[in-house]
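Take a look at the letters that make up each chain.
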Amino acid sequence: MALLCYNKGCGERFDPEHNARDSCLYHPGVPIFHDALKGWSCCKKRTTDFSEFLSIKGCTKGFHSNEKPPESFSQEETSDKPKANPVEEFIIQGPKSAEKMQRERPSSNEPRQRLPIKVSRSLEQALEKLNLSSKNEAPEGSCTGEAAAQVRAGTTCKNAACKAIYQGPESNTEVCTFHPGVPVFHEGMKYWSCCGVKTTDFSAFLEQLGCSSGQHCWTGKGDKKAVSCRQDWHQTSSQVVVTVYAKNPLPALSSVKANRTVLEVHIIFEGNKIFQAELDLWGVIEIEKSFVSMVPTKVEIMLCKASPGSWARLELPQSRSHSHGEQKEAANAEEPRAVQGEDSDDSLSWSEEEDEELEMGTPSN
């Protein structure tokens, strides 16, 4: 009885009683299909035509075999082979609604932390050219604290190098350790005019402990000129960048604080000018991964988003309308001064039209 040979490339019928060592001509390899070429792994012949591929004669002689080859893709794995990992299911959730985001939003009353400041070399060189050590400039530590009763909890002491935070009337009894002098930048060295402890590292300079003791100054001296600065913001899927355009900001006297939903900006820059703002952010940020970058022309606040995605605005709509009301009252109160030529730029709260322009024109990666 003739049997069918299942060796690859043979397919002939044979008599088991006359099955010799050289009776079968077959391919011991596997078929290969690559770049439109077809062939067998055991020999070099290749073709682009499938019919020619099927008619390629075997390259090896041997016995005929009537055993069917194992399935290429078996349903069950043998015990020798490691079992495939089970298929994992991924549940993709759609964007959260505004109501749900509001319910899950952290409290704006959380403690605020100072964001680390990175100072560019170009700003260091620019500050060296400024006459910051002028004797005509009043020291930072001369504060009487007359308005301490109006200080809000969480306010930071305005004295240089003091990081104390106002917790209540008992904070007024604490001793303030600060630098009464001014920062000096000269030939790559950074130091305070009052103590002269010099260093080349800017981070070490910012962390220098004060050399004098006195009272905390919660409200500032009031001799700085409060101005509004031009600003902008853009975002990626993981980061929001708030830019404040201020010429030659002073890192030693400026601070940017934040909690997960609120950003507080306090920038002192060339000309004894001060810019201050407080924003209720649209989304939630990670404080540990956020920081501030200062260059001669601007201050960039890099805020890391707690979850990837796009923010519709920088601020919450409620806080923006509240800020607009405050700014309108302030503008009415200071209108005579503005006529006299006070410096002013855009406010930190955007209008509806500007929001739409930013959403259409700002790239979101």
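Residues numbered from 1 in each chain as written. Predicted model: local features only at pLDDT ≥ 70, side-chain atom pairs only at ≥ 80, totals over all residues. Heavy atoms only, no water.

**Digging into the sheet that holds strand S9 (residues 117–119)**
Point 1. Judged by pairing direction, the sheet is mixed, and its five strands sit side by side in the order S9-S20-S21-S16-S15 without closing on themselves. Since the sheet does not close on itself, it has two edges, and those belong to S9 and strand S15 (231–235), each with one partner. Taking each pair of neighbouring strands and ignoring which way they run, the sheet shows an average axis angle of 20 degrees.
Point 2. Direction of pairing for strand S20 (residues 285–295) relative to strand S21 (residues 298–305): antiparallel, over a ladder of seven bridges. Across the sheet, the residue bridging to Glu286 is Cys304, located in S21. (Pairing = 2+ DSSP bridges. Helix = DSSP H or I, 4+ residues; strand = E, 2+ residues; numbered from the N terminus. Axes fitted to C-alpha atoms, helices over the stretch in contact; angles between N-to-C directions.)

**Things to note about the pattern of salt bridges**
Pairing of side chains with opposite charge becomes possible as their charged atoms draw close.
Point 1. As enumerated under the stated definition, the model contains six salt bridges in all.
Point 2. Its salt-bridge partner being Glu264, residue Arg112 comes within 2.7 Å of it at the nearest N-O pair. Taken together, the positions of Arg112 in the loop between helix H2 (98–104) and strand S8 (113–114) and Glu264 in strand S18 (residues 262–269) put the pair 152 residues apart, joining distant regions of the chain.
Point 3. Put simply, Lys289 and Glu286 hold a salt bridge, and the shortest N to O gap is 3.7 Å.
Point 4. Judged by relative accessible area, Lys289 falls into the exposed class, the value being 53%.
Point 5. Taking the relative accessible area as the measure of exposure, Glu286 reaches 26% and is therefore partly exposed.
Point 6. When salt bridges that share partners are traced, they join Arg112, Glu264 and Glu278 into one network. (Salt bridge = Lys/Arg side-chain N within 4 Å of Asp/Glu carboxyl O. Buried < 20%, exposed > 50% of the residue type's maximum accessible area, 1.4 Å probe, protein only.)

**Notes on a nonpolar patch on the surface**
Point 1. On the surface, Phe33, Phe50 and Leu54 cluster together into a nonpolar patch covering about 340 Å² of accessible area.
Point 2. Topologically, Phe33 is positioned in strand S4 (residues 31–34). (Patch = residues over 30% accessible without salt bridge, like charges linked within 9 Å, V, L, I, M, F, W, Y side chains within 5 Å. Areas by Shrake-Rupley, 256 points an atom, 1.4 Å probe, with all protein chains shown as cover.)

**Observations concerning the nonpolar core**
Point 1. Counting residues in each nonpolar core, the largest one holds 43 residues, and the members touching the most others are Leu263, Ile301 and Leu303.
Point 2. Among the elements that make up this core, the one with the highest residue count is S18 (five residues).
Point 3. The contacts of Leu303, once residues within four sequence positions are left out, are Leu115, Ser238, Gln239, Val240, Val242, Leu263, Leu281, Ile285 and Ser290.
Point 4. Within the second largest apolar cluster, eight residues are counted, among which are Cys157, Ala164, Tyr166 and Cys176. (Core = buried A, V, L, I, M, F, W, Y, C linked by side-chain atoms within 4.5 Å. Contact = heavy atoms within 4.5 Å.)

**Focus on the packing of aromatic side chains**
Point 1. Within the structure shown, the criterion is met by four aromatic pairs.
Point 2. Centre to centre, the rings of Phe33 and Phe53 are 5.4 Å apart; their planes meet at 65 degrees, and the pair counts as edge-to-face. Of this pair, Phe33 sits in strand S4 while Phe53 sits in helix H1 (residues 50–54); the two residues are 20 residues apart in sequence, bridging distant segments of the chain.
Point 3. Residues Trp40 and Phe53 carry aromatic rings whose centres are separated by 5.5 Å and whose planes lie at 20 degrees to one another, so their mutual orientation is stacked. Taken as a pair, Trp40 in strand S5 (residues 37–40) and Phe53 in helix H1 lie far apart in primary sequence, 13 residues in all.
Point 4. Judged by relative accessible area, which is 8%, Trp40 ranks as buried.
Point 5. In textbook terms, an aromatic cluster arises when at least three aromatic residues are bridged by ring pairs, as seen for Phe33, Trp40, Phe50 and Phe53. (Phe/Tyr/Trp six-rings, centres within 6.5 Å; stacked < 30°, edge-to-face > 60°.)

**Quick word on the confidence of the model for the protein**
Point 1. With 70% of its residues at a pLDDT of 70 or more, the protein has an overall mean of 74.
Point 2. Low pLDDT, under 50, characterises residues 132–142; the predicted model gives this stretch 25 contacts beyond four residues in sequence or across chains.
Point 3. The low-confidence segment residues 320–365 (pLDDT under 50) makes 59 contacts with residues lying over four places distant or belonging to another chain. (pLDDT = per-residue confidence, 0-100.)

**Some words on unusual backbone geometry**
Point 1. A positive phi angle, near 50 degrees, is found at Asn248, a position not held by glycine.
Point 2. For Asn248, the position within the fold is in the loop between strand S16 (239–244) and strand S17 (255–258).
Point 3. With relative accessibility at 7%, the residue Asn248 sits in the buried group.
Point 4. A positive phi angle, close to 55 degrees, is found at Asn272, a residue other than glycine.
Point 5. In this structure, Asn272 sits in the loop between S18 and strand S19 (273–280).
Point 6. The partly exposed category is assigned to Asn272, whose relative accessible area is 30%.

**Some details on the environment of Leu281**
Point 1. Position of Leu281 relative to the elements: it lies in the loop between S19 and S20.
Point 2. Separated by 173 residues in the primary sequence, Leu281 and Ser108 have C-alpha atoms spaced 9.5 Å apart.
Point 3. Residue contacts for Leu281: discarding those within four places in its chain leaves Arg105, Thr261, Val262, Leu263, Leu303, Trp311, Leu314, Glu315 and Leu316.

**Considerations on the environment of Pro249**
Point 1. By the element assignment, Pro249 lies in the loop between S16 and S17.
Point 2. You can call Pro249 buried: its relative accessible area is 0%.
Point 3. Pro249 sits 126 residues away from Leu123 along the chain, and the two C-alpha atoms are 8.2 Å apart.
Point 4. Other than its neighbours up to four places away in sequence, Pro249 contacts Leu123, Leu127, Ile267, Ile268, Phe269, Met294, Val295, Pro296, Lys298 and Val299.

**Looking at the sheet that holds S17**
Point 1. What the five strands build is an open sheet, ordered S8-S17-S18-S19-S14; its pairing is mixed. The open sheet is flanked by S8 and strand S14 (225–226), the only strands paired with a single partner.
Point 2. In terms of strand pairing, S8 meets S17 through two bridges, oriented antiparallel. Note on S17: the bridge partner recorded for Gln113 is Ala258.

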